[in-house]
Every structure is written in C-alpha cells, then in structure tokens.
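Summary of the model geometry
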Amino acid sequence: MTELLTIGALSERTGVAPSALRYYEDRGLITSERTGASHRRYSRPVARRIAFIVFAQRIGLSLEEIAGELARLPTDRVPSRRDWARLSRSWSARIDERIDELERLKAGLTDCIGCGCLSLDRCSLANPKDRVARRGAGPRFWVGDSRPSTTPGKPATHDA
Ligand code: FES
C-alpha cells in the first residue's frame, strides 16, 4: 500500500505551498484521495510529478504544456522509470533550446547583443550602425541570429 501524505506534509517535502498543490489538483496535474472527512491525501509518487511541474515551469513550459506531458503517464499505476524516460525524450529538445538561450545570455553579458544601443566598444564590430535592426526587433544575437564574423574570410558565428 502506497504511503499517503497530508497536504501539509507534501507541501513541506516538495517546497510547494498548499494553495499551489490545490491549484495543480484543480488543473488536473495531480490527484489525491479523500478521507471520510474529505481531507486530501496524496500518494508519495505525486512528489515526483510536483518536482516535474516546478522545474518544467522554470524552463519555460506553460501549465498546459506540462499537463499535456503528464497526461502521457499511466494513471492506473505508479509511473515507472521507463514511463518517465518517454517523457524526457520529447523534453530533451526543449531543454537543449533553453541551454542554448542561457549560453547566449551568458555570452551576451560581456559582448554586443545586437539590441540597437550601440553602447559597447564591441557594437561597432558586431553591429555597425545597428545593421542587425533589419533582421527584426529585440536583441538579435540573444534571440539566436548569427553574429557577423569580425575576422576577414571567417564565416558568421552563432553564440552557443
Ligand atoms: S549591445 Fe546593444 S547594439 Fe551592441
């Protein structure tokens, strides 16, 4: 028999407020059983779903996207490692995208990001006269546009 946790115990273990747990349940992301007095009781494996929800949001997934992913897990039994592996396969691309974004962010902290400010010494090389504005709004190199090569004969580069 799977151990059942109160909402308080689950909140303490996961670091997620009881109000958020109730919200996730209302959205169908997690489920609980009810006692005779209608108190919620959660099976311990729910803790993994909550960890998944919290970190999925951190890398930019919406609750709808997360619900779509979690819906692929079996509901008639505790999901196995293999079940979670199936999820991670579709997730990997999203994580890689996020890693690229973060690496571009990191690189841009000391370099021209093609935002149009022309305020760094590097801007005159990477974005003379704000040439990248032609490609669209926003920090072009941060959103993934290639950075013109500053070395004669060398092709343009992408950050990360
Ligand atoms: S950092 Fe803004 S245009 Fe270079």
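Refer to the structure presented above.
This section reports on the structure supplied with the text. (Residues numbered from 1 in each chain as written. Predicted model: local features only at pLDDT ≥ 70, side-chain atom pairs only at ≥ 80, totals over all residues. Heavy atoms only, no water.)

Remarks on the overall build of the chain
To be explicit about the condition: Numbering of helices and strands runs from the N terminus, with a helix taken as a DSSP run of H or I at least four residues long and a strand as a DSSP run of E at least two residues long. Computation of the radius of gyration draws on C-alpha atoms alone. For the globule rule, the value is 2.2 Å times the number of residues to the power 0.38. Contact criterion: two residues are considered in contact whenever any of their non-hydrogen atoms come within 4.5 Å of each other. Note on areas: Shrake-Rupley with a 1.4 Å probe; residue coverage comes only from the protein chains shown. Charge convention: Lys and Arg are scored as positive, Asp and Glu as negative, and His as well as the terminal groups of each chain are ignored. Lys charges are placed at NZ, Arg charges at CZ, Asp charges at CG and Glu charges at CD.
Counting its secondary structure elements, the chain contains 6 helices and 3 strands. Reading the chain from its N end, one meets helices and strands in the order β-α-α-β-β-α-α-α-α. The C-alpha atoms of the chain give a radius of gyration of 23 Å, which is well past the 15 Å a tight globule of 160 residues would have. By its C-alpha atoms, the chain is 75 × 30 × 25 Å across when sized along the principal axes. When contacts within the chain are restricted to residue pairs at least 6 apart in sequence, long-range pairs at least 24 apart make up 46% of them. A total of about 10200 Å² of accessible surface is found on the chain, and carbon and sulfur atoms cover 53% of it. Treating the 28 positive side-chain charges of the chain as one cloud and the 20 negative ones as another, the clouds have centres 2 Å apart.

Description of a negative patch on the surface
To be explicit about the condition: Each patch is built from residues that are more than 30% exposed by relative accessible area and take part in no salt bridge. Like charges join if they lie within 9 Å; nonpolar side chains (Val, Leu, Ile, Met, Phe, Trp, Tyr) join within 5 Å. Any Lys or Arg side-chain nitrogen located within 4 Å of an Asp or Glu carboxyl oxygen qualifies as a salt bridge. Categorising residues by exposure relies on relative accessible area from a 1.4 Å probe, with only protein chains included: less than 20% of the type maximum marks a residue as buried, more than 50% marks it as exposed, and the intermediate range marks it as partly exposed.
Negative charge collects at one region of the surface, where D96, E97, D100 and E103 lie side by side. Tracing the chain through its elements places D96 in helix α5 (residues 81-108). Residue D96 is classed as partly exposed on the basis of its relative accessible area of 44%.

Description of α5
Under the convention used in this document: Each helix should span, by expectation, one fewer than its residue count multiplied by 1.5 Å.
Between the first and last C-alpha of α5 there are 38 Å, a value that for 28 residues agrees with the 40 Å anticipated at 1.5 Å per step. Buried within α5 are the following residues: D83, W84, L87, W91, R104 and G108. On the buried face of α5, the contacting elements are α3 (46-58) and α4 (63-70).

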